[in-house]
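Below, each chain spelled out in residue letters.
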Amino acid sequence: MIGHAIVCLLVFEHAYFLMQQGSGDWKETLTMAVNKYKSSDIHTGISTATRAAFQQHGNNEADLCETVLRVIRRNKISM
């Protein structure tokens, strides 16, 4: 489930980036961001990193949150 939340954050962040660049209307821009995500291999990295984070940190919320934030920063669509 956390993997899906990360993907949503990344897609919306990229859509926001595109909107700042003057890209079309919101629906069109969100569709472009989703298509960019789908055409990348980001989902594999997110899935692997999320699984590893839970295995490594378990119930340690502070370390788990820090690791999730690192996963988000490393997998940004907008560079």
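Up top is the structure.
What counts and what doesn't
- Residues numbered from 1 in each chain as written.
- Predicted model: local features only at pLDDT ≥ 70, side-chain atom pairs only at ≥ 80, totals over all residues.
- Heavy atoms only, no water.
- Helix = DSSP H or I, 4+ residues; strand = E, 2+ residues; numbered from the N terminus.
- Buried < 20%, exposed > 50% of the residue type's maximum accessible area, 1.4 Å probe, protein only.
- Contact = heavy atoms within 4.5 Å.
- Areas by Shrake-Rupley, 256 points an atom, 1.4 Å probe, with all protein chains shown as cover.
- Lys, Arg positive; Asp, Glu negative; His and termini not counted.
- Charge placed at Lys NZ, Arg CZ, Asp CG, Glu CD.
- Phe/Tyr/Trp six-rings, centres within 6.5 Å; stacked < 30°, edge-to-face > 60°.
- Axes fitted to C-alpha atoms, helices over the stretch in contact; angles between N-to-C directions.
- Parallel < 35°, antiparallel > 145°, perpendicular 65-115°, else oblique.
- Left-handed = near helix turned anticlockwise from the far one by under 90°.

## Some remarks on the overall build of the chain
Within the chain, the regular secondary structure consists of 4 helices and 0 strands. The secondary structure elements of the chain, listed N-terminal to C-terminal, are α-α-α-α. Along the longest, intermediate and shortest principal axes, the C-alpha atoms of the chain span 45 × 20 × 20 Å. For the chain, with 79 residues in total, the buried portion stands at 32%. Of the contacts formed within the chain by residues at least 6 apart in sequence, a portion of 52% connects residues at least 24 apart. For the chain, the exposed area adds up to about 5,400 Å²; of that, 58% sits on carbon and sulfur atoms. Within the chain, the 7 negative side-chain charges are centred at a point lying 4 Å from the centre of the 8 positive side-chain charges.

## A look at the packing of aromatic side chains
Any two aromatic rings considered together are summarised by their centre-to-centre distance and by the angle between their planes. Inspection of every chain in the model, using the stated rule, returns 1 aromatic pair. A ring pair is formed by Phe 12 and Trp 26, whose centres lie 6.4 Å apart and whose planes are at 10 degrees; its orientation type is stacked. Taken together, the residues span a long stretch of sequence, with Phe 12 in helix H1 (residues 2-20) and Trp 26 in helix H2 (residues 26-39) at a distance of 14 residues. According to the relative accessible area criterion, Phe 12 is partly exposed, its value standing at 43%.

## Considerations on the environment of Ser 23
By the element assignment, Ser 23 lies in the loop between H1 and H2. On the accessibility criterion, Ser 23 (15% relative accessible area) is buried. When the C-alpha positions of Ser 23 and Phe 12 are compared, they lie 14 Å apart, and in sequence the two are 11 residues distant. Setting aside chain neighbours within four positions, we find Ser 23 in contact with Leu 18, Thr 29 and Met 32.

## Some details on the packing of H1 against helix H3 (residues 42-57)
Where H1 meets H3, the closest approach of the two axes is 9 Å, and the angle between their N-to-C directions is 135 degrees. The angle between H1 and H3 falls in the class oblique. The hand of the H1/H3 crossing is right-handed. Counting all contacts with H1, which are made through Ile 2, Gly 3, Ile 6, Val 7 and Leu 10, the residues of H3 involved are Ile 42, Ile 46, Thr 50 and Phe 54.

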